[in-house]
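Descriptive structure summary
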Amino acid sequence: MSRRALPIFKHILSSRSTTSTRSVTYMPRPGDGTPRAVTLIPGDGVGPLVTGAVEQVMEAMHAPVYFEKYDIHGDMKTVPVEVIESIKKNKVCLKGGLKTPVGGGVSSLNVLLRKELDLYASLVHCFNLEGLPTRHDNVDIVVIRENTEGEYSGLEHEVVPGVVESLKVITKFCSERIAKYAFEYAYLNNRKKVTAVHKANIMKLADGLFLESCREIASKYPGIQYNEMIVDNCSMQLVSKPEQFDVMVTPNLYGNLVANTAAGIAGGTGVMPGGNVGADHAIFEQGASAGNVGNEKVLEQKKANPVALLLSSAMMLRHLQFPSFADRLETSVKRVISEGKYRTKDLGGDCTTQEVVDAVIANLD
């Protein structure tokens, strides 16, 4: 082969390589490229750091989104009306952590948002990332949690001094719709199994109703395997054989515990994406709630891990029907994790948030 022909030959090979790795063409509808408004709540603690990371990456990608930013904090008595109106108008929100006071004081604004917008399904994806060593391999779990009732109903009162009654509310309507969402998710994402997590051996009526609803919905999806597991056994199975789980559907409180446990097993809460969705609106945030506002030292050193919220933003881009941008963002984040050069302290490194962001931007296709 002549030396003049060699560059042409290399160009042909590179073109073939690019073509062979490209996915089937996404055919947008006219107008799908119109930039979309997204409500942005930076939140407390490290929230502004990690939401700022997302803003930088979106700008670097020229993603067709722009943010309407609102400064709210977990110690506020309620979510301002203009914030709720913005989310209802835009349909989509990206949120940093909102700190909830422990014990007395104000109610959780996170719970308030879910109830006000009827974001009845929480989804947390816990999976191994290439290049990030963990105790278990082959972890790929999606935890789908009922988000509006159960122990989070907020129905508590003091019967007499020293005696407090807290009501756990389970309804057939909410149980059926979360079960339906879990099976629909499994069907649309080619998942093979759904596990219902419960404590119906003790709470026979409340968790019994949840199980009954799950069984009814499961009967409509014969192609998806269905099983049930008591929550205490589930906790043990999660830390010993997490690879057995695929999609998990849970009532409210159990889902919070299961999702954070699964996140810890798969690599930590700093890398697990998630979101809350209802019929009309969605809020995307760090998947597992543990550590989502960080601590003073991390904040001072500006070393918060932005990976979880960046991956949640990729979920958001898919939700907005911008799949190519979602793929680019996710691929870049995974490439940075795999290379192992730029990691925050929770992943064994010592990088700042900005250094990780710069690496992600540099790896964008």
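The structure reproduced in this document is the subject of the present report.

Conventions we followed
- Residues numbered from 1 in each chain as written.
- Predicted model: local features only at pLDDT ≥ 70, side-chain atom pairs only at ≥ 80, totals over all residues.
- Heavy atoms only, no water.
- Helix = DSSP H or I, 4+ residues; strand = E, 2+ residues; numbered from the N terminus.
- Rg over C-alpha atoms; globule rule 2.2 N^0.38 Å.
- Buried < 20%, exposed > 50% of the residue type's maximum accessible area, 1.4 Å probe, protein only.
- Pairing = 2+ DSSP bridges.
- Axes fitted to C-alpha atoms, helices over the stretch in contact; angles between N-to-C directions.
- 1 Å grid on protein atoms, 1.4 Å probe; cavity = no way out; pocket = protein on both sides within 12 Å on 5 of 7 lines; lining within 4 Å.
- Points joined across faces, edges and corners; volume = space filled by probe spheres on them.
- Nonpolar A, V, L, I, M, F, W, Y, C, P; charged D, E, K, R; others polar.
- Phe/Tyr/Trp six-rings, centres within 6.5 Å; stacked < 30°, edge-to-face > 60°.
- Core = buried A, V, L, I, M, F, W, Y, C linked by side-chain atoms within 4.5 Å.
- Contact = heavy atoms within 4.5 Å.
- Salt bridge = Lys/Arg side-chain N within 4 Å of Asp/Glu carboxyl O.
- Expected span 1.5 Å × (residues − 1).

Let us look at the overall build of the protein chain. The helix and strand tally for the protein chain stands at 12 helices and 12 strands. A compact globule built from 365 residues would reach a C-alpha radius of gyration of about 21 Å, and the protein chain, at 22 Å, matches this within 12%. Seen through its C-alpha atoms, the protein chain measures out along the principal axes to roughly 90 × 50 × 45 Å. Burial status across the protein chain gives 49% buried among its 365 residues.

This next bit is on the sheet that holds strand 9 (residues 225–230). If you walk across this open sheet you meet the 10 strands as 2-1-3-12-11-4-5-10-8-9, and the pairing is mixed. The open sheet terminates on both sides in strands that have one partner only, identified here as strand 2 (65–69) and strand 9. The sheet shows a mean angle of 25 degrees between the axes of neighbouring strands, taken without regard to direction. The pairing of strand 4 (residues 121–127) with strand 5 (residues 140–146) spans 7 bridges and is classified as antiparallel. Within strand 5, the residue paired with Ala121 across the bridge is Glu146.

Of the volumes computed, that of the largest pocket is approximately 740 Å³. The wall of the largest pocket is formed by 23 residues, among which Leu123, Tyr185, Asn189, Met315 and Arg318 lie closest to the centre. If you list the elements that add at least two residues to the lining of the largest pocket, you get strand 4, helix 5 (172–188), strand 11 (273–277), strand 12 (282–286), helix 10 (307–319) and helix 11 (323–339). For the lining of the largest pocket, the residue count by class is 12 nonpolar, 5 polar and 6 charged.

Turning to the pairing of strand 6 (residues 156–160), a few remarks are in order. In terms of strand pairing, strand 6 meets strand 7 (residues 163–166) through 4 bridges, oriented antiparallel. When the bridges of strand 7 are listed, Val160 appears paired with Val163. Here strand 6 folds back onto strand 7, and the loop between the two strands holds 2 residues, one of which, Gly162, carries a positive phi near 90 degrees.

Attention shifts here to the packing of aromatic side chains. Evaluation of the coordinates by the stated rule reveals 4 aromatic pairs. Pairing Phe183 with Tyr221 gives two aromatic rings, centres 5.5 Å apart and planes at 25 degrees, and the pair type is stacked. In this pair, Phe183 sits in helix 5 while Tyr221 sits in the loop between helix 6 (206–218) and strand 9, placing the two residues 38 residues apart along the sequence. Grouping residues by exposure puts Phe183 and Tyr221 together as buried.

Among the nonpolar cores identified, the biggest contains 89 residues, and Met58, Ile144 and Leu329 are the most heavily contacted of them. Excluding anything up to four places from it in sequence, Ile144 contacts Ser122, Leu123, Ile178, Tyr181, Ala182, Tyr185, Val247, Met248, Val249 and Thr250. The next biggest cluster of nonpolar side chains, apart from the first, holds 13 residues, and it includes Val83, Cys93, Leu113 and Leu117.

This paragraph deals with the pattern of salt bridges. Side chains that differ in charge, positive against negative, can pair when their charged atoms come close. Within the structure shown, the criterion is met by 20 salt bridges. Here Glu216 makes a salt bridge to Lys172, at a shortest N to O gap of 3.1 Å. A residue pair is termed long-range when its members are at least 10 positions apart, and Glu216 in helix 6 and Lys172 in helix 5 qualify at 44 residues. Overall, the relative accessible area of 33% leaves Glu216 in the partly exposed class.

Once that is clear, we can look at helix 2 (residues 47–61). With 15 residues, helix 2 should cover 21 Å at 1.5 Å per step; its first-to-last C-alpha distance of 21 Å lies within 8% of that length. Here helix 2 has its buried residues at Gly47, Val50, Thr51, Gly52, Ala53, Val54, Val57, Met58 and Met61. In the core, the buried residues of helix 2 are packed alongside strand 1 (36–41), strand 2, strand 3 (92–95), helix 10, helix 11 and helix 12 (353–362). Trailing helix 2 by a residue or two, His62 shows a phi angle of about 60 degrees, which is positive.

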